[in-house]
Amino acid sequence: MKNIHIIVLSLVIISCQNQGKMEIQKAKQVSIDSMKQVSADSMTAEFEKQKVIDSMQIEMAKVVTQKEVVVVNHQAAATTTTTTTKKKGWSGAAKGAVIGAGVGAVTGAIISKKKGQGAIIGGLAGAGVGAGTGAIIDGSKK
């Protein structure tokens, strides 16, 4: 009788161990499946982001095109044609130089004991730094 109890007890222990291994295997499979799903979801999100970026670039290309206006004045024996094009704005270097000169002049006047001399030196230094910074920004935009 003891032998039967020992055999039954050992069968119960073995079956419990197998059950635990099967549960661990199922848990691993569930983790792998969820990782695959997250990966697929992130790829979908990346495709959507790229789609938005592409559509924005197309719209920007449409906006960038310039229009040329031709005005024709008819007079007695002479015809005059006037063409107007869009004016270019200031370059980044020019804007930087003007802003730097203003800030430098004000700072130099405040800091220096000789207000006029400090404003001139500060303005020149600020203009140089501003023009350099603007040129760097212009270069990075291209």
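Provided above is the structure to which this section pertains.
Below is a summary of the structure that appears in this document. Only a predicted model underlies this, so the values are computations on that prediction, with no experimental measurement involved. Residue numbers here run from 1 along each chain, matching the order of that chain's written sequence. The predicted origin of the model limits local features to residues at a pLDDT of at least 70 and limits the giving and counting of side-chain atom pairs to 80 or more, whereas totals for whole chains, interfaces and linings rest on all residues. Hydrogens and water molecules were not included; the side-chain quantities draw on all heavy atoms of the structure.

## So, the overall build of the protein
Here is step 1 of the chain: Along the protein, the regular secondary structure elements total 3 helices and 2 strands.
Here is step 2 of the chain: Secondary structure is summarised from DSSP: a helix means a run of H or I of at least four residues, a strand means a run of E of at least two, and numbering begins at the N terminus for each. What you see in the protein, going N to C, is helices and strands ordered as α-β-β-α-α.
Here is step 3 of the chain: Only protein chains enter the area calculation, which uses a 1.4 Å probe; residues under 20% of their type maximum are buried, those over 50% are exposed, and those in between are partly exposed. The 142 residues of the protein split such that 8% are buried.
Here is step 4 of the chain: By the convention used here, residues are in contact when the closest approach between their heavy atoms is within 4.5 Å. Taking as baseline every contact in the protein between residues at least 6 positions apart, the subset at least 24 positions apart corresponds to 39%.
Here is step 5 of the chain: Accessible areas in this description were obtained via Shrake-Rupley with a 1.4 Å probe; residue shielding takes into account the shown protein chains only. For the protein, the exposed surface amounts to about 12300 Å²; the carbon and sulfur share of it is 67%.

## Considerations on a nonpolar patch on the surface
Here is step 1 of the chain: The patches reported here contain residues having more than 30% relative accessible area and no salt bridge. Joining distances are 9 Å for like charges and 5 Å for nonpolar side chains (Val, Leu, Ile, Met, Phe, Trp, Tyr). By convention in these notes, a salt bridge is any Lys or Arg side-chain nitrogen within 4 Å of a carboxyl oxygen on Asp or Glu. Together, M1, I4 and V8 make up an exposed nonpolar region whose accessible area comes to about 340 Å².
Here is step 2 of the chain: Topologically, M1 is positioned in the segment before helix 1 (2-64).
Here is step 3 of the chain: Classification of M1 by relative accessible area gives exposed; the value is 71%.

## Re the layout of surface pockets
Gaps between atoms show up when a probe of the same size as a water molecule is rolled over them.
Here is step 1 of the chain: Empty space within the largest pocket amounts to approximately 160 Å³.
Here is step 2 of the chain: Of the grid points, spaced at 1 Å and generated over the protein atoms alone, those admitting a 1.4 Å probe that cannot get out make up cavities, while open sets with protein on both sides within 12 Å along at least five of seven lines make up pockets; any residue with an atom within 4 Å of a point is treated as lining. Together, G89, W90, S91, G92, K95, D138 and K141 line the largest pocket.
Here is step 3 of the chain: Contributions of two or more residues to the lining of the largest pocket are made by helix 2 (92-111) and helix 3 (115-141). Grid points are joined across faces, edges and corners, and a volume is the space filled by probe spheres set on the points.

## With respect to the environment of G118
Here is step 1 of the chain: Along the chain, G118 turns up in helix 3.
Here is step 2 of the chain: A relative accessible area of 8% means that G118 is categorised as buried.
Here is step 3 of the chain: Taking C-alpha positions, G118 is 9.0 Å from G104, a pair spaced 14 residues apart along the chain.

## Details of helix 3
Here is step 1 of the chain: End to end, helix 3 covers 38 Å across 27 residues, agreeing with the expected 39 Å (1.5 Å per residue, within 8%).
Here is step 2 of the chain: Inspection of helix 3 places G118, G122, G123, G126, G130 and G134 among the buried residues, and these make up the whole buried set.
Here is step 3 of the chain: Check the buried side of helix 3 and you find it contacts helix 2. The span you would expect from a helix comes to 1.5 Å times its residue count less one.

## Overview of helix 2
Here is step 1 of the chain: For helix 2, built from 20 residues, the straight-helix expectation of 28 Å at 1.5 Å per residue is met to within 8% by its first-to-last C-alpha distance of 28 Å.
Here is step 2 of the chain: In this structure, the buried side of helix 2 is in contact with helix 3.

## Description of the environment of Q117
Here is step 1 of the chain: Mapped onto the elements, Q117 comes out in helix 3.
Here is step 2 of the chain: Taking relative accessible area as the criterion, Q117 reaches 45% and is therefore assigned partly exposed.
Here is step 3 of the chain: Spatially, the C-alpha atoms of Q117 and A105 are 9.4 Å apart, while their sequence positions differ by 12 residues.

## Considering the packing of helix 2 against helix 3
Here is step 1 of the chain: At a minimum axis distance of 5 Å, the contact between helix 2 and helix 3 shows a crossing angle of 150 degrees. Here helix 3 runs roughly antiparallel to helix 2, going by the angle between their axes. Pair helix 2 / helix 3 crosses with right-handed handedness. Residues G92, A93, G96, A97, G100, A101, G104, A105, G108, A109 and I110 of helix 2 form the contact with helix 3, whose participating residues are K115, G118, A119, G122, G123, G126, A127, G130, A131, G134, A135 and D138. As a rule, the C-alpha atoms of each element are fitted with a line to give its axis, helices using only the stretch in contact, and angles between N-to-C directions run from 0 to 180 degrees. Under this scheme an angle from 65 to 115 degrees is roughly perpendicular, one under 35 degrees roughly parallel, and one over 145 degrees roughly antiparallel; angles in between are oblique. Working rule for handedness: look at the near helix, and if it is turned counterclockwise from the far one by less than a right angle, call the crossing left-handed; if clockwise, right-handed.

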